[in-house]
Amino acid sequence: MATLGLVLSVVMIILSVLLCIIILLQSKRSAGLGAIGGGSGDTYWSKNKGSSMEGALERYTKIGGALFMILALVINLIG
């Protein structure tokens, strides 16, 4: 069990570094949580966001975050 915990901990460290890199690669948004109804219209770029690099980075962030939480739960249950 100690070996499995060590392997999962190393995987979690690698995943956390990858998540940091992916988050830092994302572009900044000028309209954050404080923007109320400001410029969030349906443009061509917002409709086709999933096929762009920005959409891919957002998708990878969501997947990486979910994997990070699941891995943390598994490590907690093992140890």
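Residues numbered from 1 in each chain as written. Predicted model: local features only at pLDDT ≥ 70, side-chain atom pairs only at ≥ 80, totals over all residues. Heavy atoms only, no water.

Per the secondary structure count, the protein includes 3 helices and 0 strands. For the protein, the succession of helices and strands along the chain, N to C, is α-α-α. The 79 residues of the protein split such that 15% are buried. Put simply, of all contacts in the protein between residues at least 6 apart along the chain, 84% involve residues at least 24 apart. Surface accessibility of the protein: about 6,400 Å² in total, with carbon and sulfur atoms responsible for 70%. (Helix = DSSP H or I, 4+ residues; strand = E, 2+ residues; numbered from the N terminus. Buried < 20%, exposed > 50% of the residue type's maximum accessible area, 1.4 Å probe, protein only. Contact = heavy atoms within 4.5 Å. Areas by Shrake-Rupley, 256 points an atom, 1.4 Å probe, with all protein chains shown as cover.)

Okay, the packing of helix α1 (residues 2-25) against helix α3 (residues 53-78) next. Each pair of packed helices gets described by two things: the angle between the helix axes and the distance between those axes. α3 packs onto α1 with a crossing angle of 155 degrees between their chain directions and a minimal axis gap of 9 Å. Judged by the inter-axis angle, α1 sits roughly antiparallel to α3. Pair α1 / α3 crosses with left-handed handedness. Along the contact surface, α1 presents L4, L8, S9, V11, M12, L15, S16, L19, I22, I23 and L25, while α3 presents L57, Y60, T61, G64, G65, L67, F68, L71, A72, V74, I75 and I78. (Axes fitted to C-alpha atoms, helices over the stretch in contact; angles between N-to-C directions. Parallel < 35°, antiparallel > 145°, perpendicular 65-115°, else oblique. Left-handed = near helix turned anticlockwise from the far one by under 90°.)

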